[in-house]
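Letter by letter, the chains look like this.
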Amino acid sequence: MKAHATCFQDISAQVEVVQDLQVNFLLPPVPPASGSPVGLRAAAGPGNEMITVEWDVPTDLREDFYAFQIHRGSSATNLAPIANLGNDRAFADTKRVAGSTSHYSVSALDVCGAAGVKAASVSATSVAGFAPLTSVAPTSFAATPKVETYAQLSAAGEPAGSREWRTVAGTGNCCEVYVATTPDGRIVDLGGHNVRISADEGRTWTQVVDPLLLNNGEGAIAYAPGGDILGMTWHPYEGDRFDTFKYVARDGTWYFSESPLHQPFADRPWITVVKGPFQTPTGGVSAYVGIVTALGANDPRHIYHITYDGLTYQELALPYAPLPKRSVDLANLVRDADRDWLQPVSYSRVYPVTHGLALLSFQGIVNVGCEWGVLGYDMTLSCADFGQATLPRGSLLVDSNGSLHVLSFAPANERYFTRLVYRTSTDGGRTWNGEEHPLPEAYSAHWENTDFKVNARLDQAVVFLHAQSPSAASPERNQDLAYRFRGVSGTPWLSEVLRLGPVDDPDRTGGDPVAGKCCIDFVTVGILPSGHIVAGFTDESRPSPLLLGIET
């Protein structure tokens, strides 16, 4: 958001004379309205019965500008405001009847609500047939939350009382919960083949059931701009299936689509949503894209798949030749509240940065001439050139203030780590603040069993990990831990460490606590608007040990 301004009344011709003081006060005039957006364009798609509108920001836009206002009508002379969009530069207008033509214009608003001159109108005609859609109505999901008490540690690792958690069994699948949170307080999980949703911090639940009634899916889910939700599930155990879910906030409907892709993944998929605008292959504009990553493919150049409409995917293949370089300035990023929610699971290796730009981590995956790649507005891939800045190895998040956050581990380049390292930068990577913290006792962890989220508005970051003991004789072989940091938009500091659940059953590791398969394949974590943590973890005292825990 731009600079603040004072709103003035339209009484510039009035002069108030205070007789006793013999002083004249001239009230300041109304400021002129903000400049007009330029380059307005509209195109059908990328989804069914959808039109996407995009525009550019003029160089003379006033400093106190704060929002764009969208106007729509049946003709260029019959336009009415339909939405205010903050500082977005694209708008996806859904529920446009196929074959109908809509006209659009955009104006800028200042902090007083004064509108600038509308841009010259444009029009587009919506079409159908982008994806075979099925609307799916949510149904109830039988869940019996249970309140459990787990240990709390101080930043120094000393006992510091306990914390209550609301635990829910039966979400996810056999071995993992894939959880995301939304700005309106929803918890969504698609660790398996059905979507589970709670709007009251886990007290009650609904679900969106896969209409094909398949089982044993491995799913992923993420929040998208405007309140949409993107989900997908891969069925590696019941044939060649890749199916997608999408919640469209504007019409309050869940949709399901059968994907034509065949065996695109070799292991658990991960989904990331990147805010646009982005160009689509058909020449349109998408307000956001979803990117699914699946490591373990035979050729690591084929680990990414992308969707422009949230339901249909195509491959985003990496070239065999080295990528060209592209300059990327991570300083002075536009503030955007969505970035506190558009945060991927650490293992995804796709990291949203700003509108129409994401960084891709190629570290340890593929040699394309760099460790950090850039995906830009025009969907071209490049190697990132950060100039005088540096970007440490690790998982990257960018918060709503534009601060950078990197989670990495020590010892570096080891399969298992014993210390986590959390760094932040407020100047685009030119300088970094950081803290290093050892895992308690003799625990170690694999980086796949970690996740990381930041919320600048709530001034906290959470690192969640599933730690293991290196000793087969240890009575505490595995432990789920949540590290909470404060001061995250400046110099972060560790405020507390939370333990969840008793240790895992040693039988589940196959007798080898390090090389053996742990009873939870990976972890995901989220932060609710209340500041409470949501995470998937295990509790061997329960008949169904895989749980979703919500801090109370």
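Residues numbered from 1 in each chain as written. Predicted model: local features only at pLDDT ≥ 70, side-chain atom pairs only at ≥ 80, totals over all residues. Heavy atoms only, no water.

Under the definition given, this model contains 13 aromatic pairs. Relative to Phe 522, the ring of Trp 270 lies with its centre 4.7 Å away and its plane at 70°, an arrangement referred to as edge-to-face. Of this pair, Trp 270 sits in strand E22 (residues 270-279) while Phe 522 is found in the loop between strand E40 (493-500) and strand E41 (525-527), placing the two residues 252 residues apart along the sequence. For Trp 270, a relative accessible area of 2% gives the class buried. (Phe/Tyr/Trp six-rings, centres within 6.5 Å; stacked < 30°, edge-to-face > 60°. Helix = DSSP H or I, 4+ residues; strand = E, 2+ residues; numbered from the N terminus. Buried < 20%, exposed > 50% of the residue type's maximum accessible area, 1.4 Å probe, protein only.)

Another point: unusual backbone geometry. Most of the time, phi is negative for any residue but glycine, and the peptide bond is trans. Between Gly 276 and Pro 277 the backbone carries a cis peptide bond, its omega angle lying at 15°. With respect to the secondary-structure elements, Pro 277 resides in strand E22. Backbone torsion omega between Ala 410 and Pro 411 reads 0°, so that peptide bond is classified as cis. Phi at Arg 349 is positive, roughly 65°, even though this residue is not glycine. Note that Arg 349 resides in the loop between strand E26 (325-327) and strand E27 (350-354).

Once that is clear, we can look at the confidence of the model for the protein. Averaged over all residues, the pLDDT of the protein equals 82, while 83% of them reach at least 70. For the stretch residues 8-33, pLDDT sits under 50, and the model shows 29 contacts to residues farther than four places along the chain or on other chains. (pLDDT = per-residue confidence, 0-100. Contact = heavy atoms within 4.5 Å.)

Turning our eyes to something else, we now look at the state of the cysteines. Within this structure, the stated rule accounts for one disulfide. Between the sulfur atoms of Cys 370 and its disulfide mate Cys 383 the distance is 2.1 Å. Between Cys 370 and Cys 383 the sulfur-sulfur dihedral comes to about -80°; the bridge is accordingly left-handed. Placement of Cys 370 in the loop between strand E28 (357-361) and strand E29 (372-375) and of Cys 383 in strand E30 (residues 381-385) is noted, with a sequence separation of 13 residues between them. Accessibility assignment for this pair places Cys 370 and Cys 383 in one class, buried. (Disulfide = S-S within 2.5 Å.)

When you line up the elements, Arg 241 lands in strand E20 (residues 241-248). Sequence separation of Arg 241 and Leu 261 is 20 residues, and the distance between their C-alpha atoms is 7.8 Å. The contacts of Arg 241, once residues within four sequence positions are left out, are Leu 212, Leu 214, Thr 233, Trp 234, His 235 and Glu 258.

Taken together, the nine strands give an open sheet; going across it, the order is E37-E38-E39-E40-E12-E13-E43-E42-E41, and neighbouring strands pair in antiparallel fashion. Both edges of this open sheet fall to strand E37 (450-455) and E41, since each of them pairs with a single strand only. Strand-to-strand twist of the sheet, defined as the mean angle between neighbouring strand axes without regard to direction, takes the value 30°. Looking at chain direction, E41 and strand E42 (residues 533-538) are connected through three bridges and run antiparallel. (Pairing = 2+ DSSP bridges. Axes fitted to C-alpha atoms, helices over the stretch in contact; angles between N-to-C directions.)

In this section: the pattern of salt bridges. A full pass over the atoms with the stated rule returns 17 salt bridges. Where Lys 275 meets Asp 336, a salt bridge forms, and the shortest distance between an N and an O atom there is 3.0 Å. Here Asp 336 lies in the loop between E26 and E27 and Lys 275 lies in strand E22, a separation of 61 residues in the sequence. Residue Lys 275 shares its accessibility class with Asp 336, and that shared class is buried. For Arg 393, the salt bridge is made with Glu 371, and the minimal N-O distance between the two is 2.4 Å. Residue Arg 393 is located in the loop between E30 and strand E31 (395-398), and its partner Glu 371 is located in the loop between E28 and E29; the two are separated by 22 residues in the primary sequence. Taken together, the shared-partner salt bridges in this structure form one network comprising Arg 163, Arg 484, Glu 496 and Glu 551. (Salt bridge = Lys/Arg side-chain N within 4 Å of Asp/Glu carboxyl O.)

Attention now goes to the environment of Val 177. With respect to the element layout, Val 177 can be found in the loop between strand E13 (159-169) and strand E14 (179-181). Along the sequence, Val 177 and Thr 524 sit 347 residues apart, while their C-alpha atoms lie 6.9 Å from each other. Other than its neighbours up to four places away in sequence, Val 177 contacts Thr 171, Gly 172, Asp 189, Gly 191, Phe 522, Thr 524, Gly 536, Leu 546, Leu 547 and Leu 548.

The subject of this paragraph is the side chain of Arg 196. You can see Arg 196 is positioned in strand E16 (residues 195-198). Here Arg 196 sits buried without a salt bridge, and the closest side chain of opposite charge, Asp 189, lies 5.0 Å off (N-O distance). There is a polar contact of 2.9 Å between the side chain of Arg 196 and the backbone oxygen of Gly 170. The residues contacting Arg 196, other than those within four sequence positions of it, are Phe 141, Gly 170, Thr 171, Gly 172, Ile 187, Val 188, Asp 189, Trp 205, Thr 206 and Gln 207. (Lys, Arg positive; Asp, Glu negative; His and termini not counted. Polar contact = N/O pair within 3.5 Å; in protein donor to acceptor, adjacent residues only side chain to side chain.)

This part takes up the environment of Asn 84. Note that Asn 84 resides in strand E6 (residues 79-84). Looking at Asn 84, the relative accessible area reads 46%, which means it is partly exposed. Within polar-contact distance, the side chain of Asn 84 engages the side chain of Gln 69 at 3.3 Å.

Moving on to the sheet that holds strand E24 (residues 304-307). Strand order in this open sheet of four strands is E22-E23-E24-E25, and the pairing throughout is antiparallel. On the outer flanks of this sheet lie E22 and strand E25 (313-315), each paired with one strand and no other. Sheet twist, expressed as the mean angle between neighbouring strand axes with direction ignored, is 30°.

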